[in-house]
Amino acid sequence: MKLTTIVSKDAILPRLSSSERDQTLNDLIDALIASGAADPKLRPELVARVLERERRGSTGFGKGIAVPHVKHKNIKRMAAAIGLSPTGVDFSALDHQPVYSVFLLLSPEDRPDDHLMAMEIIFKHLSQETFRRFLRHAHRAADVWTLLEAAPGNHGGSSGGG
């Protein structure tokens with residue numbers, strides 16, 4: 001599994017319009033729906049589930065990143081959106097710092113191993129300071145996609161792209 005097979009190319013928001021967590025999550029779910037990763041009828045339930053997940057504990061892991069995630073029985077394939085905030089979003093992160101890069105992952109409920117693998121791949125890349133820095137300074141969706149394609153593990157084959 002590669003980042004380019006997880007991230008929906010059409011669900012990259014290089015300039016999030018809100019600095020509010022809940023609106024950011026809504027925008028990312030809308031981007032995934034617009035990209036075809038989820039049925040529009042699922043929107044209210046997906047929003048409710050991702051907000052409930054945040055209430056149980058922040059997905060802001062520190063170092064300017066958050067990885068909200070939700071599993072749903074009607075999601076057919078793993079799909080992630082990426083949102084970048086120039087001003088930062090308050091996710092109540094573990095380090096109490098604003099979040100600048102958000103990966104929102106939707107997963108099929110019946111594929112928990114794939115969900116864990118996708119989370120592992122996302123965290124593997126986000127744990128690299130160089131990757132985080134390049135991601136934070138990307139200004140266009142195409143720049144983000146180029147970074148994902150260049151990420152270790154994405155060489156030597158065709159990339160998906162959702």
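What you see is a predicted model; the values in this text were computed from it and never measured. Per-chain numbering applies: the sequence of each chain, read as written, is numbered from 1 onward. Restriction of local features to residues with pLDDT of at least 70 applies here, the model being predicted, together with a cutoff of 80 or more for giving and counting side-chain atom pairs; totals for whole chains, interfaces and linings are based on all residues. Water and hydrogen atoms were dropped before computing side-chain values, which therefore reflect all heavy atoms in the structure.

### As for the side chain of T59
Okay, so step 1: Counting through the fold element by element, T59 comes out in the loop between α3 (43–56) and β2 (60–62).
Okay, so step 2: Taking relative accessible area as the criterion, T59 reaches 0% and is therefore assigned buried.
Okay, so step 3: Residues in contact with T59, not counting those within four places in the same chain, are R53, E54, I65, A66, V67, P68, H69 and F91. Secondary structure is summarised from DSSP: a helix means a run of H or I of at least four residues, a strand means a run of E of at least two, and numbering begins at the N terminus for each. Each residue is assigned to one of three classes by its accessible area relative to the maximum for its type, calculated with a 1.4 Å probe on protein chains only: buried under 20%, partly exposed between the two thresholds, exposed over 50%. In this description, contact between two residues means that some pair of their heavy atoms is separated by no more than 4.5 Å.

### Here we look at the environment of S35
Okay, so step 1: Relative to the elements of secondary structure, S35 occurs in the loop between α2 (21–34) and α3.
Okay, so step 2: A C-alpha to C-alpha distance of 19 Å links S35 and S101, two positions 66 residues apart in sequence.

### Some words on the packing of helix α5 (residues 129–136) against helix α6 (residues 141–150)
Okay, so step 1: To get an axis, fit a line to the C-alpha atoms, keeping to the stretch in contact for a helix; angles then go from 0 to 180 degrees between the N-to-C directions. Put simply, α5 and α6 touch, their axes get as near as 9 Å, and they point 160 degrees apart. Classified by the angle between their axes, α5 and α6 sit roughly antiparallel to one another. As for the relative orientation of α5 and α6, their crossing is right-handed in sense. Residues F131, F134 and L135 of α5 touch α6, and the partners they reach there are V144, L147 and L148.
Okay, so step 2: Nonpolar residues are Ala, Val, Leu, Ile, Met, Phe, Trp, Tyr, Cys and Pro. Charged residues are Asp, Glu, Lys and Arg, and all others, Gly as well, are polar. Along the lines of polarity and charge, the residues of the contact of α5 with α6 split into six nonpolar, no polar and no charged. Each angle is binned into one of four classes, with values under 35 degrees roughly parallel, values over 145 roughly antiparallel, values of 65 to 115 roughly perpendicular, and all other values oblique. With the far helix as reference, a near helix turned anticlockwise by less than a right angle produces a left-handed crossing, and one turned clockwise produces a right-handed crossing.

### Considering the confidence of the model for the chain
Okay, so step 1: Here the chain averages 90 in pLDDT, while 94% of its residues score no lower than 70.
Okay, so step 2: When the elements of the chain are averaged for pLDDT, β2 gives the smallest value, 89, and α2 the largest, 96.
Okay, so step 3: pLDDT is defined as a per-residue confidence score from the predictor, taking values between 0 and 100. Low confidence marks residues 155–162, where pLDDT is under 50. Its contacts with residues over four positions away, or in another chain, come to 17 contacts.

### Focus: unusual backbone geometry
Okay, so step 1: Non-glycine residue K63 carries a positive phi angle of around 60 degrees.
Okay, so step 2: Mapped onto the elements, K63 comes out in the loop between β2 and β3 (65–66).
Okay, so step 3: According to the relative accessible area criterion, K63 is exposed, its value standing at 61%.
Okay, so step 4: Of note, S92 is a non-glycine position whose phi angle comes to about 50 degrees, a positive value.
Okay, so step 5: Inspection of the secondary structure puts S92 in the loop between β5 (79–89) and β6 (99–108).
Okay, so step 6: Judged by its relative accessible area of 52%, S92 is exposed.

### Overview of the nonpolar core
Okay, so step 1: Membership of the largest hydrophobic core comes to 27 residues, with the highest contact counts inside it found for I29, L32, L46, F91, L104 and L106.
Okay, so step 2: Going through the elements one at a time, α2, α3, β5 and β6 are the ones with two or more residues in this core.
Okay, so step 3: Sorting elements by how many residues they give to this core places α2 first, with six residues.
Okay, so step 4: The residues contacting I29, other than those within four sequence positions of it, are R43, L46, V47, V50 and L104.
Okay, so step 5: Among buried residues, the Ala, Val, Leu, Ile, Met, Phe, Trp, Tyr and Cys ones that are joined through side-chain atoms within 4.5 Å form a nonpolar core. Core analysis: the second largest hydrophobic core is formed by 25 residues, I12, F103, L126 and A151 among them.

### Re the packing of aromatic side chains
Okay, so step 1: For Phe, Tyr and Trp, rings pair up if their centres lie within 6.5 Å, where Trp contributes its six-membered ring, and each pair is then called stacked (planes under 30 degrees apart), edge-to-face (over 60) or tilted (otherwise). By the definition in use, this model includes one aromatic pair.
Okay, so step 2: Here the aromatic rings of F61 and F123 are separated by 4.9 Å at their centres, their planes lie at 90 degrees, and the arrangement is edge-to-face. On the criterion of sequence distance, the pair formed by F61 in strand β2 and F123 in helix α4 (residues 112–126) is long-range, its members being 62 residues apart.
Okay, so step 3: For F61, a relative accessible area of 32% gives the class partly exposed.
Okay, so step 4: The class of F123 is partly exposed, set by a relative accessible area of 25%.
Okay, so step 5: A cation over an aromatic ring shows up here: R133 above the ring of F134, its NZ or CZ 5.9 Å from the ring centre.
Okay, so step 6: Working rule: Lys NZ or Arg CZ, within 6 Å of ring centre, within 35 degrees of ring normal, means a charge sits over the ring. Positioned over the ring face of Y100 is R136, at 3.5 Å from the centre of the ring.

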